[in-house]
Structure formats: C-alpha cells, structure tokens
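Residues per chain are reported as follows:
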Amino acid sequence: MRTPSLSRARAAGSLSHRFTAVVLGTALVAAGALATATPAAADPGTTTDRLILTPTDQPTTSQFVTWRSTVAAAGAVEYRLPGGGTTTVAATVADTIGEHTHLSATITGLTAGTAYEYRVGQDGDWTTWRTFRTASGTAEPFSFLYYGDAQISLDTTWPAVVQAAHAKAPQAVGSVHAGDLIDTASNQTQWTNWFLGMGESAMTTQVLAAPGNHEYSGDQTMRNWKANFTYAHNQPSRATIGDLARLAEGDTPAAQQTAAYFDHFTTFAAETVYYVDYQDVRFITLNATRSSGFLTPPSLPACSEGCPNAGQLWIDFQAAWLDHILTDNPNTWAVATFHQPVYSVSSGRDEPILRAAWVPVFEKHNIDLVLQGHDHTYARGFKDTTATDTPGVTNGPVYAVSNSGGKYYELAPEGDNVWTRNGATQVKRGANVSTYQVVTVDGGSLRYESYVAAVTGGATEQLGDLYDSFTITKNDAGKVVTEDGVAIPGADAQRLAVTVPEQTGEPGEFVWAIDGGNGLVDLGVAQDAGDHFRAAGALNPVRVTDTRRDAPAWSLSGQVSDFVSGDQTVDGKHLGWTPSVSENTGGAVAGAAVASGFVSGEGLSAPAVLGSAAAGHQRGSALLGAELDLRLPISVAEGRYAATLTLTALS
C-alpha cells in the first residue's frame, strides 16, 4: 500500500430465524428532497427498468451498464461526449427471468476523468440520456456512500434513506452496499423496489455491492444477483491464492476433492468477489455467506479421509486471495465490504470462522475500512492491539457495521459481547436507527461520517443527526485513526513532543512550528568514507515566535532515537548537527554544534540545544535550522534506516 506525500517512513437465513431479540416496526424516516434521487428506475414509455452502472476493473476507461427489458430482442447502449457524436455498443443477454430479459454492455475506450452521456434500449425504444463520469487517472478527492442492509421496508424506509444520503453528499461518485439488499432473492417485487429506492443514483453513479445471506434466499445460485449486476471477473482462482493452492496438488482423494472445490469456488465467486481500483482506493468485495447449496460443485470426487470442509475452505480461499491483492495494492487506501461481520454486534450472533481467517489479513495489511452489515444495529471500533498511548487514537483497521433499512435488532450487552471477548473495542454502538455513511478520500486523509436517516422504538436520535465520525490520516509518520476532538498526531513527531508551559496572566504567546512543512528529512544514500559511511542534510527549519511581554528565557532542544531498518538498529549517537539562526527578530542564538558520536560522545542521542533566547530578549521570531551530519560504522548492514528527532521547548 502506497504512502502519500514525501517518502516512505515508514448462514444462511436460519441464523436470522434463530434470533429472538428482533424488533420490527415502523420507522420514522428522513425524506430528503432531492431531484437527482427521485425514485424512478424506468422511463415512462420504454420497456426498460433496473438500469444500473457498475464499475469495471478499469474505471478510468470503461463502464458496465446493465438493465432489464420486457422485450426479448437484442438491445444496445449509446454513448457520447456532451454534444458529440454517438457510438453504439451492442448488449449481451445476461439472463432471462420470467418475462424479462437482463442485458449488459461494456463501454470501452473512454477518457479518464470525463463526463459522458448514455442511453439504453433499441430502435424506437430508448431511455432518456443520462450521464456518468469515468474515474480520474490521478488521486483526486472524492466521496462515496456506504449502506448497510436495505432488506425490509424497501418501498418506504429505503428510498428515504437514499434520498437523505444524496441530499447530504450530492457529489458522491457511487455507493458501497454490505449485502442483504432484498429479503427474498426470488421476489421480483423486492428487487424492483430496491432499484426504485436507489433511483437516479444507480443510473448515474457507480454501485459496488456485496451479497448477503438473503441474496441466496430462494436463489441458491444467485441467478438474480448475476442478472441484475455486472462486475469484474477478477475473483480468486488457484493462481491467486498462494500456498493454499498446494492443497489441491497430488492424486489423493482429499486433494482431488479440494481441487474440485477450488474450481467450483472460482466459477461461483464471479461477480460476488471482486475488486476495483478507483482514484487511489482499492475497493474489495467479499462473499461471507457459507450456504452448502452453492458451495458444493455438481460433481464432487469421493473422499473419506482428510477431506476438506467446504465452508471453511470457501473462507480460506478468499482469505488467501485477499492477502494476494492487498500485497499487490498500488493504492494508498483499501476498503473491504462484505455482509456477515467479523465482530458481531447484535445479541446471539458470532462469526468465528470469518474472524479467524480474515481479521489476521486485515491487520497484516492494515486495511483502512472494513464495512459490514447483517446485524441491523450499528457499531464501529478497532482491534485493541492497534490502540496507541493517546486516548482516541488508533493506528489499525476500522471495523464498521451499519443498517440502512427498516429492520432493527437488539445490541449484545455492552460489557460482554463478541468485541469484548475477542480483543476489540466498540467506539460507537447503537440500535433502533438506520444510517447512511459518507466517506471522503482526499490525499492522505479519509473522513468517515455516519448520519441518522431513520429511527424507531426508543431511539433518541433525530433525523439528520451526525451519528458517528472519525478521520484516518496517512503521512510520513505512518497512519493514525483519530476520534473527533482529538488532535491528529504523527504528522510531525517534533511538534507533538513540544511542551510549552502555561503562562497564566501573561499577554502575548510563545509558539513554534516547522516552517513550510513537516516532511521527512531525507539524508539520501550514505557515502563510503573509508572507515565509515557518511550522509548529510538539513533539518526542516523551525520558526519560534515569542511575543510575551516580560520576555522570559526559552530554549528548544532536540534528541534523536536510534535508526531502525527492519530488525537492524543503529545507535542515534551517530547523528550530529550544527545549529543556525536566520530571520532573527527575537534575539535568538544558535545552540552549540554537536559532533557525531562515531568516534566518541553521545551525539544527538543526548538532548542538545537547537536555539535559545535569554530573559529580556526582543519580542519577535527566529528561524532555527541545523546542518545534519550522520556517520555510521562501515559494519552497518545495508537498508533504509529511519529515526525520529524529538524537539522539546522549555521556558
């Protein structure tokens, strides 16, 4: 996963039925007034409905378009630049269900970051022209929406939730859906209502959906899913699951059965397990359902000893693939979505197989967001091992469970639930609310905001309330997840280390900051100097301003940590410096030079003054800098070494 900026620092339906604490009721919903989300999935006078845009694996230059028609004849999509000539792409028939033909077309040869117009149909039977925009080829800022289960009240709660979401984030480029879009997969009315609820947003922005257990209800082969959606065929296969593929090698019955499962899984995972790279974010969709109805291949070799467990193998199959695509992720960010949560929220639920197989992969690659559904409650939190010494700051994956429909369950006890029993913490939890989430990615910052869109029962929240929020920041210092109201650390360890005593009653102020940026000081490649390696550079300038009336003395000191590269460590004493002062209107003086400890001494592993001012100094500012001199023993192993220089101000 790439770090932005300067350089690297660095069960089916039966589970639902067993559940006893279900609260079903009429929800009060937020009815946003938004023209672009007006419920309408078909144009009057046409034979077309369920028109939807889904991303290809090359969203900068291509686009999937899928729709349904009452006409069996071949259809097409026409597209153009606004005001330009029209190009026609023939559609293929994805399936015929009842009296409807499901069609899909792939538009290729597009230009990145460009708006296009399109319509679908056939001669004499075209939809109106609508627009879509290809992904930019660069990491431009964008927002997307995240929805939990729609499933229930598809004709009431769901459309109001979607309208409220688009009223809040009208520029969202698409939406991520964590499964259970409908309640019964074979019920065409429910599917039609889901599309009606999505309205124009499905026809003008990208839709990334993961299947839930209800997508199998009455449809074990997910025929309706694959008819309604078109997704990239980059699902797992034996070639992309690493060492796990070895289980299928050999001629033992167990190996032959495993091979049969793998081949069947690859076929079935198509369009249910996939990934998309969109403007510096890798979106990954997983299939967490383990129904034996689809896991078993039509022809399964016999096996009596050491035989694979199909459900476990299906989850391991995806875990191995997940590890593969996260290892190769060229993007700064990664977001995974699936249905059943690894950390369940509702009372009586638990997914130990998913948790055991997938959480280690999420943590290994420090994925950013894990977006889930299934529990008809809300929770968001983290694995305890990613907590830092600063309250409100973590540095690992964020796990979220959301509910966007009109079905509500009860929370497991706050002090005894799947999270607490498995080393995880819920930062926010709640029931009787439906929410939508707006996620904004902007360079090294990811902002997550959850809003109340429907309430029921004893919920105290108000429609439109900001329900939950946090920010993830990535820079040369690494990655941090900060709660609202907590300062973002890590952008500059020097600044965070400062201690400025409170000067009660004194007018004026004493402040300091890195001048012009907090970037990494890169000393480049050390040069062979005979009996040692040597590298040099300059400290990022530090501006100190002191306008206090009585001008007390101050000093700013620095101390460096050891240099570390993997499991190799070099004593920080090898770094020395020569301080300097410029732009000096505050009476500052540079600290004494400190020699590298290569020959003798402690170098900057011991605190040393960068600059100071005596009592009674001028009120003003000074720019402190230093030339750095690093001399390393010739015996140091090769590698990219990094250290942290901590600055502390005293007055």
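Above this text you will find the structure in question.
Here the structure is a predicted model, which is why all the values come from computation and not from measurement. (Residues numbered from 1 in each chain as written. Predicted model: local features only at pLDDT ≥ 70, side-chain atom pairs only at ≥ 80, totals over all residues. Heavy atoms only, no water.)

Along the chain, leucine 154 falls in the loop between β12 (142-147) and α2 (157-168). Contacts of leucine 154, omitting those with residues within four sequence positions, involve Pro159, Leu181, Ile182, Gln190, Asn193 and Trp194. (Helix = DSSP H or I, 4+ residues; strand = E, 2+ residues; numbered from the N terminus. Contact = heavy atoms within 4.5 Å.)

With that settled, consider the sheet that holds strand β36 (residues 589-590). One open sheet holds the 4 strands; their spatial order is β36-β37-β32-β39, and the pairing between them is antiparallel. Of all the strands in the sheet, the pair left with one neighbour each is β36 and β39 (645-650). Sheet topology note: the strand β32 (residues 554-560)/β39 ladder contains 6 bridges and is antiparallel. Residue pairing across strands places valine 560 opposite leucine 645, the latter belonging to β39. (Pairing = 2+ DSSP bridges.)

Checked against the element boundaries, histidine 365 lands in the loop between α9 (352-364) and β18 (369-372). Among the residues examined, histidine 365 registers a relative accessible area of 15% and is labelled buried. One polar contact links histidine 365 to aspartate 323, side chain to side chain, over a distance of 2.6 Å. (Buried < 20%, exposed > 50% of the residue type's maximum accessible area, 1.4 Å probe, protein only. Polar contact = N/O pair within 3.5 Å; in protein donor to acceptor, adjacent residues only side chain to side chain.)

Let's shift gears to the environment of threonine 420. Positionally, threonine 420 belongs in helix α10 (residues 418-421). We classify threonine 420 as partly exposed; its relative accessible area is 39%. Between the alpha carbons of threonine 420 and aspartate 384 there is a distance of 9.4 Å; along the sequence they are 36 residues apart. Non-local contacts of threonine 420, meaning those with residues more than four positions away in its chain, are made with Glu414 and Gly415. Within the structure, the side chain of threonine 420 is placed 2.8 Å from the backbone nitrogen of asparagine 417, a separation counted as a polar contact.

Quick look at the packing of helix α6 (residues 253-269) against helix α8 (residues 310-327) now. For the pair α6 and α8, the least separation of the axes is 11 Å and the interaxial angle reads 60°. The angle between the axes of α6 and α8 places the two elements in the oblique class. The handedness of the crossing between α6 and α8 comes out as right-handed. Residues Thr258, Tyr261, Phe262, Phe265, Thr266 and Ala269 of α6 lie in contact with α8, whose contacting residues are Ala310, Leu313, Trp314 and Phe317. In terms of residue class, the contact of α6 with α8 is made up of 8 nonpolar, 2 polar and no charged. (Axes fitted to C-alpha atoms, helices over the stretch in contact; angles between N-to-C directions. Parallel < 35°, antiparallel > 145°, perpendicular 65-115°, else oblique. Left-handed = near helix turned anticlockwise from the far one by under 90°. Nonpolar A, V, L, I, M, F, W, Y, C, P; charged D, E, K, R; others polar.)

The next point concerns the side chain of aspartate 375. Position of aspartate 375 relative to the elements: it lies in the loop between β18 and β19 (378-383). In terms of polar contacts, aspartate 375 uses its side chain to reach the side chain of arginine 349, at 3.1 Å. For aspartate 375, the contacting residues outside a window of four places in its chain are Pro341, Ser344, Val345, Ser346, Arg349, Val401 and Tyr409.

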